[in-house]
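As a plain string of letters, each chain reads:
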Amino acid sequence: MDTDQYQMGRTKVFIKNPESLFLLEEMRERKFDTFARTIQKAWRKYIARRKYEQMREEASDILYNFKERRRNSINRNFVGDYLGMEERPELRQFMAKRERVDFADSVNKFDRRFKSIKRDLILSPKSIYLIGRETIKKGPEKGQIKEVLKRKLDIGSVRSISLR
């Protein structure tokens, strides 16, 4: 609106032409309409999400223990850290101080004679760590098992990964 069409008082706005007042009322109605639509959209989204979660729970209950290959896979969340790295400083020592752990779990490596060797695999945003265990053969700690870093790979050097 032009400045000559209205005048500001201390507590009121004085409008010269009634057309200006109708224009302001129409703009106000449009704003309220957009606010109402925003609230309705958020409410519908909330209801739809709640319904989706309920349907997913029902599907999970129907399929629970009926899958052939992975019976307990539906009702199990992905944790990522299956070793509990926060409580294992002996494994944490091989990593950088504040390096985040994306995945950590125990894996079995089979040698040429199909002998199983248990190792810990730790995946961080920068590196992949393979940690094994060896028995100390000399010194006062003879016979104790100690964690040893078997391999550290930079993520940038890994081109592909295959699982068998």
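All figures in this text were calculated on a predicted structure; none of them were measured in a lab.

Rules of the game
Residues numbered from 1 in each chain as written. Predicted model: local features only at pLDDT ≥ 70, side-chain atom pairs only at ≥ 80, totals over all residues. Heavy atoms only, no water. Helix = DSSP H or I, 4+ residues; strand = E, 2+ residues; numbered from the N terminus. Buried < 20%, exposed > 50% of the residue type's maximum accessible area, 1.4 Å probe, protein only. Areas by Shrake-Rupley, 256 points an atom, 1.4 Å probe, with all protein chains shown as cover. Polar contact = N/O pair within 3.5 Å; in protein donor to acceptor, adjacent residues only side chain to side chain. Core = buried A, V, L, I, M, F, W, Y, C linked by side-chain atoms within 4.5 Å. Contact = heavy atoms within 4.5 Å. Phe/Tyr/Trp six-rings, centres within 6.5 Å; stacked < 30°, edge-to-face > 60°. Pairing = 2+ DSSP bridges. Patch = residues over 30% accessible without salt bridge, like charges linked within 9 Å, V, L, I, M, F, W, Y side chains within 5 Å. Salt bridge = Lys/Arg side-chain N within 4 Å of Asp/Glu carboxyl O. Lys, Arg positive; Asp, Glu negative; His and termini not counted. Charge placed at Lys NZ, Arg CZ, Asp CG, Glu CD.

It is worth spelling out the overall build of the protein chain at this point. Helix and strand counts for the protein chain stand at two helices and six strands. Start at the N end of the protein chain and walk to the C end: the helices and strands fall as β-β-α-α-β-β-β-β. Every one of the 164 residues in the protein chain was classed for burial, and the buried ones make up 13%. Here the protein chain displays about 15200 Å² of accessible surface, and carbon together with sulfur accounts for 52% of that area.

Turning our eyes to something else, we now look at the side chain of Ser124. Position of Ser124 among the secondary structure elements: in the loop between β4 (116–123) and β5 (127–135). Side chain to side chain, Ser124 and Glu99 meet in a polar contact 2.5 Å long.

Moving on to the nonpolar core. The biggest cluster of nonpolar side chains holds nine residues, and these are Leu83, Met85, Leu91, Phe94, Met95, Ala104, Ile122, Tyr129 and Ile131. Excluding its chain neighbours within four sequence positions, the residues that come into contact with Tyr129 are Phe94, Met95, Ala96, Glu99, Asp120, Leu121, Ile122, Ser124, Leu149, Arg151 and Lys152.

Here we take up the packing of aromatic side chains. If you walk through the whole model with that rule in mind, you get two aromatic pairs. Centre to centre, the rings of Trp43 and Tyr46 are 5.6 Å apart; their planes meet at 35°, and the pair counts as tilted. You can see Trp43 and its partner Tyr46 sitting in helix α1 (residues 18–63), three residues apart, about one turn around the helix. What makes Trp43 exposed here is its relative accessible area of 53%.

By the bridge criterion, eight bridges tie strand β3 (residues 103–110) to β4 in an arrangement that is antiparallel. Note on β4: the bridge partner recorded for Phe110 is Ser116. Between β3 and β4, which follow one another and run antiparallel, lie five residues, and Phe114 among them has a positive phi close to 60°.

A contiguous patch of negative charge on the surface is contributed by Glu53, Glu57, Glu58 and Asp61. Secondary-structure assignment places Glu53 in helix α1. Residue Glu53 is classed as partly exposed on the basis of its relative accessible area, which comes to 47%.

It is worth spelling out the pattern of salt bridges at this point. Scanning all chains against the criterion turns up nine salt bridges. Across the pair Asp33 and Arg37 runs a salt bridge, and its minimum N-O distance is 3.0 Å. Here Asp33 and its partner Arg37 are both found in helix α1, four residues apart, which amounts to about one turn of the helix. Relative accessible area serves as the criterion here: at 37%, Asp33 is assigned to the partly exposed category. Connected through salt bridges with shared partners, the residues Glu25, Arg28 and Glu29 form a single ionic network.

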